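Fold and contact review
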Amino acid sequence: MSQADASQADAGASGAAAAVPAAGPGPGRAPNPLWTFGLLRSELATTFRRWRTLALLGVLAAVPILVGIAVRIETRGGSSAGQGGGEGPAFITQITNNGLFLVFTALAATLPFFLPMATGVIAGDAIAGEANAGTLRYLLVAPAGRTRLLLTKYATTIAFCLVATLVVAVSALVVGALLFPLGDLTTISGTQISFAEGLARALLIALVVAASLVGVAALGLFVSTVTNSGIAAMATTVGLLITVQILDQIPQLHALQPYFFSHYWLSFADLMREPVYWDDLVKNLGLQALYAVVFGSAAWARFTAKDITA
């Protein structure tokens, strides 16, 4: 082959290579923001299309329905809710006066167990589930990059926390509107606020509850990087959640309890005070951020050094 023919062949090969779109950012190449957004969109679609995720959201949506029906039946004879024994969830005695209080009651009822359990299932399966299914290696070959993939998994889990919380709140609002009257409501401090302001506070409370799950999400993600079994990661995360909440109820551990991620969860009730009492709310958000940093860093250190064989 002549030198001219060889040069022409090289030029043709270069043009063909340039015409093929890259699957992702190569080594030493700056990551493409659009490709990263595509990875996040794919993770969100995959997570929220799973039957397990839909079942979890269905269970969460059912909790306000059951609470609303139970309160309606209990108060059918004119008695007040919560007077049949036991204190029940916060705000439950106010539901019959204003259906908006069912939102606060439902969030108080689901936050100690149902919401964190659902978050633990999603977070625990994030990495371990991919490893168990044999798809983790192919995600990294794409190439996603370990740090970017881990951040995408965590962002997807946080998105689930927000969606799950809003599902509870919206379900409670609909049920409360159907079964009970709506209108101006009385705060914990005894002052009156308009229904519109009550809705705004309900939305803010839902956002605070979602933010309260950030620590559990980071913990679950770390556990997910330690094992290749999705079931083991989910069970371990939920087990740790239950253990911490039990320890949070033991009086002898009062010195340690302010550092448990669940200790300030119910501080969202302070948003129904006039004026709002911010101290415990700020402590809660700061504690969740601390857990996110600590266990997020641990997950990153573990995942970036992990030998991916499946």
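Residues numbered from 1 in each chain as written. Predicted model: local features only at pLDDT ≥ 70, side-chain atom pairs only at ≥ 80, totals over all residues. Heavy atoms only, no water.

**Describing the overall build of the chain**
Helices and strands together make up the secondary structure of the chain, namely 11 helices and two strands. Counted from the first residue to the last, the chain has its helices and strands arranged as α-α-α-α-α-α-α-β-β-α-α-α-α. Expressed as a percentage of the 310 residues in the chain, the buried residues total 41%. Approximately 15400 Å² of the chain is accessible, and the part contributed by carbon and sulfur atoms is 66%. (Helix = DSSP H or I, 4+ residues; strand = E, 2+ residues; numbered from the N terminus. Buried < 20%, exposed > 50% of the residue type's maximum accessible area, 1.4 Å probe, protein only. Areas by Shrake-Rupley, 256 points an atom, 1.4 Å probe, with all protein chains shown as cover.)

**Describing the confidence of the model for the chain**
On average, the chain scores 82 in pLDDT, and the residues at 70 or more come to 79%. Across residues 1-29, confidence stays below pLDDT 50; counting only partners more than four residues off in sequence or on other chains, it has 14 contacts. Across residues 84-88 the pLDDT falls below 50, and counting only partners more than four positions away or on other chains, this stretch makes two contacts in the model. (pLDDT = per-residue confidence, 0-100. Contact = heavy atoms within 4.5 Å.)

**Overview of the environment of D280**
Of note, D280 is situated in helix α11 (residues 279-304). A C-alpha to C-alpha distance of 9.2 Å links D280 and L266, two positions 14 residues apart in sequence. D280 has contacts with Y264, S267 and D270, leaving out every residue within four places of it along the chain.

**Quick look at the pattern of salt bridges**
Throughout the structure, instances matching the rule amount to six salt bridges. The closest approach of N and O atoms between D125 and R52, which form a salt bridge, is 2.6 Å. Separated by 73 residues along the polypeptide, D125 in helix α5 (residues 114-133) and R52 in helix α3 (residues 51-74) bring together distant segments of the chain. On the accessibility criterion, R52 (32% relative accessible area) is partly exposed. Among the salt bridges present, the one from D270 reaches R273, with a minimum N-O distance of 2.8 Å. Overall, the relative accessible area of 31% leaves R273 in the partly exposed class. (Salt bridge = Lys/Arg side-chain N within 4 Å of Asp/Glu carboxyl O.)

**Notes on the nonpolar core**
Counting 57 residues, the largest nonpolar core has V103, F104, I205, F261, F268 and M272 as the members making the most contacts within it. Those residues in contact with F261 that lie beyond four places of it in its chain are V216, L219, L241, V244, N284, L287, Q288 and Y291. Within the second largest apolar cluster, seven residues are counted, among which are A126, L149, L150 and A299. (Core = buried A, V, L, I, M, F, W, Y, C linked by side-chain atoms within 4.5 Å.)

**Thoughts on a nonpolar patch on the surface**
Taken together, L162, L166, V170, V174, L178, L203, L204, L207, W278 and V282 make up a surface patch of nonpolar side chains, about 920 Å² in accessible area. Going through the elements one at a time, α7 (146-179) and α8 (195-211) are the ones with two or more residues in the nonpolar patch. Among the elements that make up the nonpolar patch, the one with the highest residue count is α7 (five residues). By relative accessible area, W278 is classed as partly exposed at 47%. (Patch = residues over 30% accessible without salt bridge, like charges linked within 9 Å, V, L, I, M, F, W, Y side chains within 5 Å.)

**Details of α3**
Here α3 spans 34 Å end to end across 24 residues, near enough to the 34 Å set by a 1.5 Å rise per residue. Within α3, the full set of buried residues consists of T53, L56, L57, L60, V63, P64, V67, G68 and V71. (Expected span 1.5 Å × (residues − 1).)

**Examining the packing of aromatic side chains**
Using the criterion set out here, one finds seven aromatic pairs in the structure. Judged by centre distance (5.6 Å) and plane angle (80°), the ring pair of F101 and F104 falls under edge-to-face. Remark: F104 and F101 occur in helix α4 (residues 101-110); sequence separation between them is three residues, near one turn of the helix. Judged by relative accessible area, which is 0%, F104 ranks as buried. (Phe/Tyr/Trp six-rings, centres within 6.5 Å; stacked < 30°, edge-to-face > 60°.)

**A short note on the side chain of T47**
Structurally, the position occupied by T47 is in helix α2 (residues 33-49). T47 sits in the buried class, given a relative accessible area of 5%. Ignoring any residue separated from it by four or fewer positions in sequence, one finds T47 in contact with T53, I122 and T156.

**A short note on the packing of α4 against α8**
Their axes nearest at 10 Å, the elements α4 and α8 cross at an angle of 10°. Overall, the two elements α4 and α8 adopt an arrangement that is roughly parallel. Here V103, F104 and L107 of α4 lie close against α8, whose contacting residues are G198, A202, I205, A206 and V209. When its residues are assigned to classes, the contact of α4 with α8 shows seven nonpolar, one polar and no charged. (Axes fitted to C-alpha atoms, helices over the stretch in contact; angles between N-to-C directions. Parallel < 35°, antiparallel > 145°, perpendicular 65-115°, else oblique. Nonpolar A, V, L, I, M, F, W, Y, C, P; charged D, E, K, R; others polar.)

**Points about the side chain of K153**
For K153, the position within the fold is in helix α7. The residues contacting K153, other than those within four sequence positions of it, are E43, A126, I127, E130 and L221.

**Re the environment of A217**
Within the secondary structure, A217 is located in helix α9 (residues 214-226). Judged by relative accessible area, A217 falls into the buried class, the value being 0%. Along the chain, A217 and A118 lie 99 residues apart, while their C-alpha atoms are 9.9 Å from each other. Beyond its immediate chain neighbours, meaning those up to four positions away, A217 contacts T119, A123, Y154, T157 and I158.

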